[in-house]
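Observations on the three-dimensional arrangement
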Amino acid sequence: MMLFDYDGIDKLIENIKFNTGYDFSEYKEKPFKRRVRVILRKYKCTSVKELIKNLNNNREEYQKIIKIITINVTEFFRNKEVFDQFESILESDIKEGYTYSVLSAGCATGEEPYSIAFLFENLKRNNYLKYKIDAIDIDRGALDTAIKGKYPLEELKTIPEKFREYITIGESSFTVKESVKSNINFKIENLYVNDAISDSTYDFIFCRNVFIYFRRDLQLKILNNFYNSLKLGGYLVLGKVETLSNAFKDKFEMIDLRNRIYRKL
Ligand SMILES: C[S@@+](CC[C@H](N)C(=O)[O-])C[C@H]1O[C@@H](n2cnc3c(N)ncnc32)[C@H](O)[C@@H]1O
């Protein structure tokens, strides 16, 4: 097994910030090192110092390594059970004439906010309601894909048949219809920044597979921002991986333990 020398990792974080504006200083050490290991392999370096030398403050190269660090893995209806629960929450209390507001935090290439949008579109068939979704991510490259809303055909496999009317299927790709896209506002934002989400209030906040990599104090800060940005009775959907810190247990009612869905008290 190859051994890597991580000496200089703080300097790497500093250089990333200098060249790209992204600040990874609040990431947990272990997962961050795992990502750096992938970068070292890609650049055929055995030490962080050698990597820094090779990158030579080249902004384009630094942009490429951001993609490796942020991990944009996602899919339509990822962990379908979470969406089934979300759908039944919506159906149990349909507010006619209401405009639902949703935040998809760490939306990656857009599959999560589009899946949410498909559910709302389906509800709109029999109910008079509107929705708007803010979808944010730190990674500009991922957001560019999200904004285009164009995906390879393999991604169709997780989209249930009933939602296919909201996409246009071509020979090698499919595209989300403009009527759906127009409800989503994609924005580049860093979740650690205090005012990233503070001027909106939401009925639902989805934040799945995002802050597991962050240090605890940062997780608490983000959860606090979510709490403040949720309407009373609004839902926080953390999904299968993230957990709600005990510090927030009396501020939220547990709705679904397996899918980590909570309601603001
Ligand atoms: C693994 S993807 C999760 C995508 C989607 N939520 C899902 O569960 O399928 C994590 C996303 O979080 C984004 N991310 C990481 N740190 C972030 C930050 N500080 N602010 C906003 N987004 C961030 C990454 O760029 C990446 O696109």
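Treat the numbers as computed from the prediction; the structure is a model and nothing was measured.

So, how was this worked out
- Residues numbered from 1 in each chain as written.
- Predicted model: local features only at pLDDT ≥ 70, side-chain atom pairs only at ≥ 80, totals over all residues.
- Heavy atoms only, no water.
- Near = heavy atom within 4 Å.
- Polar contact = N/O pair within 3.5 Å; in protein donor to acceptor, adjacent residues only side chain to side chain.
- Nonpolar A, V, L, I, M, F, W, Y, C, P; charged D, E, K, R; others polar.
- Pairing = 2+ DSSP bridges.
- Helix = DSSP H or I, 4+ residues; strand = E, 2+ residues; numbered from the N terminus.
- Phe/Tyr/Trp six-rings, centres within 6.5 Å; stacked < 30°, edge-to-face > 60°.
- Buried < 20%, exposed > 50% of the residue type's maximum accessible area, 1.4 Å probe, protein only.
- Arc of directions from axis to C-beta.
- Contact = heavy atoms within 4.5 Å.
- Axes fitted to C-alpha atoms, helices over the stretch in contact; angles between N-to-C directions.
- Expected span 1.5 Å × (residues − 1).

1. Some words on the site of the ligand
As a structural note, the neighbourhood of the ligand is formed by 21 residues, with T74, D137, N190, L191 and N209 the closest of them. Contact between the ligand and I138: a nitrogen atom at 3.3 Å from a main-chain N or O atom of the residue. A distance of 2.7 Å separates an oxygen atom of the ligand from a polar side-chain atom of N209. Within the shell around the ligand, the residues separate by chemical class into nine nonpolar, six polar and six charged.

2. Examining the pairing of strand 10 (residues 261–264)
Pairing analysis gives three bridges linking strand 8 (residues 230–237) to strand 10, with the strands arranged antiparallel. When the sheet's bridge partners are listed, V237 is paired in strand 10 with I261. When strand 9 (residues 252–256) meets strand 10, the two strands line up antiparallel, connected through four bridges. Bridging from a neighbouring strand, F252 pairs with K264 of strand 10.

3. A word on the packing of aromatic side chains
Applying the stated criterion across every chain yields a total of 27 aromatic pairs. Ring centres 6.1 Å apart and planes at 20° place the aromatic pair F83 and F206 in the stacked group. With F83 in helix 5 (residues 80–92) and F206 in strand 7 (residues 202–206), this residue pair connects regions lying 123 residues apart in the sequence. By relative accessible area, which is 1% here, F83 ends up buried.

4. Structural notes on helix 3 (residues 48–55)
If you check which residues of helix 3 are buried, you get V48, L51, I52 and L55. Looking down the long axis of helix 3, one finds its buried residues gathered within 100° of arc, a one-sided arrangement. Those residues of helix 3 that are exposed and aimed more than 90 degrees away from the buried face are K49 and K53. Buried residues in helix 3 make contact with helix 1 (9–20), helix 2 (29–42) and helix 4 (59–70).

5. Regarding the side chain of N127
Relative to the assigned elements, N127 resides in the loop between helix 6 (111–124) and strand 2 (130–137). A distance of 2.9 Å separates a polar side-chain atom of N127 from the backbone oxygen of L123. Apart from the residues lying within four places of it in its own chain, the contact partners of N127 are I94 and E96.

6. Topic: the sheet that holds strand 3 (residues 150–152)
As summarised here, the arrangement of the three strands in space is 3-5-4, forming an open sheet in which the pairing is antiparallel. Either end of the sheet is taken by a strand with one partner, and the two such strands are strand 3 and strand 4 (167–169). Neighbour-to-neighbour, the strand axes of the sheet open up by a mean angle of 25°, direction not taken into account. Taken together, the three bridges between strand 3 and strand 5 (residues 173–176) define a ladder with antiparallel strand orientation. Among the inter-strand pairings, Y151 is bridged to a residue of strand 5, identified as F174.

7. What to know about helix 1
The end-to-end C-alpha separation of helix 1 is 16 Å, in line with the 16 Å expected for twelve residues at 1.5 Å each. Those residues of helix 1 that fall on the buried side of the exposure criterion are I9, L12, I13, N15, I16, N19 and T20. One face of helix 1 carries all of its buried residues, which in axial projection span an arc of 165°. Those residues of helix 1 that are exposed and aimed more than 90 degrees away from the buried face are D10, E14 and F18. Packed against the buried residues of helix 1 are helix 2, helix 3 and helix 4. Two residues or fewer after helix 1 comes G21, characterised by a positive phi angle close to 85°.

Distances and angles like these do not, on their own, reveal function.
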